[in-house]
Amino acid sequence: GVNVPTVFTFYAHFKLADVTPPTTTASASPAANAAGWNKANVTVGLSAVDNTGGSGVKEITYSASGAQTIPSTTVAGSSVSGISITAEGTTTLSFFAEDNAGNTEATKTLVLKIDKTAPTVSCGSADDAWHAMNVNIPCSASDTVSGLLAAGDASFNLSTNVATGEETANASTGTRVVRDNAGNESTAGPVSGNKVDRKAPQLVSCQAPDGAW
């Protein structure tokens, strides 16, 4: 019943404002080669993290354009797995994350290049004529997606290799492996059926002098 001073302690908890957007990282499997190409389908995963003490990642949004299109897709949470890129050509994957405070990350992109088709090669054929020297057969190659790895593979010759003093009606050329920038390869040749005669005529016999004037 006696009024005396009383001390009260109050605790106030304040949550600091979150003004920093999340950061998203993309990973592709398998990784592209040194030229930036894949020769198989690619699977992409996205992973986002918010700043320390932030509100946390709410969702990730992604889409794709180019060789393969994916409409804008939003997935709740801080990660997305199994985005499959299968189309040949160049596909651009765009993505960004948003946190629970409404901060949105600037859109990022990942360029994916796929070429699953080997180069096309074409060579001439034997002409059924006899040749005194080795024969050169013209060939050409092309690749419409990633392009030829070596520019010289666009046009080249395959040659027979019949040694001096030999002849054959079925000489074969060598072969040549043609690769594209994704690592796909095709083999040109061999071209057989070439007639090559590098053997001089052989003297069988001659009559002897008759000894008369």
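These notes cover the structure that comes with them. (Residues numbered from 1 in each chain as written. Predicted model: local features only at pLDDT ≥ 70, side-chain atom pairs only at ≥ 80, totals over all residues. Heavy atoms only, no water.)

Comments concerning the overall build of the protein
In plain terms, the rule: Comment: elements are numbered from the N terminus, with helices defined as DSSP H or I runs of at least four residues and strands as E runs of at least two. Radius of gyration here uses only the C-alpha atoms, and the compact-globule reference equals 2.2 Å multiplied by the residue count raised to the power 0.38. Buried means the residue's accessible area, taken with a 1.4 Å probe over protein chains only, is under 20% of the maximum for its type, while exposed means over 50%, and partly exposed covers the values in between. We call two residues in contact whenever any of their non-hydrogen atoms come within 4.5 Å of each other. Shrake-Rupley sampling with a 1.4 Å probe provides the accessible areas, and residues are treated as covered by the protein chains on show and by no other component. Neither His nor the chain ends contribute to the count of charged residues, in which Lys and Arg are positive and Asp and Glu negative. Note that the charge is assigned to NZ on lysines, CZ on arginines, CG on aspartates and CD on glutamates.
Helix and strand counts for the protein stand at 0 helices and 15 strands. Computed over the C-alpha atoms, the radius of gyration of the protein is 36 Å, more than 25% above the 17 Å expected from 2.2 N^0.38 for a compact globule of 213 residues. When the backbone C-alpha atoms are referred to their principal axes, the protein occupies close to 170 × 30 × 20 Å. Counting across all 213 residues of the protein, residues that qualify as buried make up 28%. A separation threshold of at least 6 residues defines the contact pool for the protein, and within that pool the share at least 24 residues apart is 58%. For the protein, the exposed surface amounts to about 13200 Å²; the carbon and sulfur share of it is 52%. Placing the 11 positive and 18 negative side-chain charges of the protein at their respective mean positions leaves the two points 3 Å apart.

Topic: the sheet that holds strand β10 (residues 136-142)
For clarity, the threshold we go by: Two strands make a pair as long as DSSP finds a minimum of two bridges between them. A fitted line through C-alpha atoms represents every axis, and for helices the fit uses only the stretch in contact; the resulting angles, taken between N-to-C directions, go from 0 to 180 degrees.
Reading across from one edge, β8-β10-β11 is the order of the 3 strands in this open sheet, with antiparallel pairing throughout. With partners counted over all chains shown, the strands left at the sheet margins are β8 (120-123) and β11 (155-159), one partner each. For this sheet, the mean angle separating the axes of adjacent strands, direction not counted, is 30 degrees.

Considering the state of the cysteines
Here is the rule: Disulfides are defined as pairs of cysteine sulfur atoms found within 2.5 Å of each other.
All chains considered together, the criterion is met by 1 disulfide. Put simply, C123 and C139 are joined by a disulfide, and their sulfur atoms are 2.1 Å apart. Across the S-S bond linking C123 and C139, the dihedral sits near 110 degrees, which makes this disulfide right-handed. Of this pair, C123 sits in strand β8 while C139 sits in strand β10; the two residues are 16 residues apart in sequence, bridging distant segments of the chain.

Looking at the pattern of salt bridges
Spelled out, the test is: Here, a salt bridge means any side-chain nitrogen of Lys or Arg that lies within 4 Å of a carboxyl oxygen of Asp or Glu.
Across all of its chains, the model carries 4 salt bridges by this definition. Residue K195 is joined to D128 by a salt bridge in which the shortest nitrogen-to-oxygen separation is 3.2 Å. Of this pair, K195 sits in strand β15 (residues 194-197) while D128 sits in the loop between β8 and β9 (130-131), placing them 67 residues apart in sequence. For K195, a relative accessible area of 19% puts it in the buried group. For D128, a relative accessible area of 58% puts it in the exposed group.

Keep in mind these values describe shape, not function.
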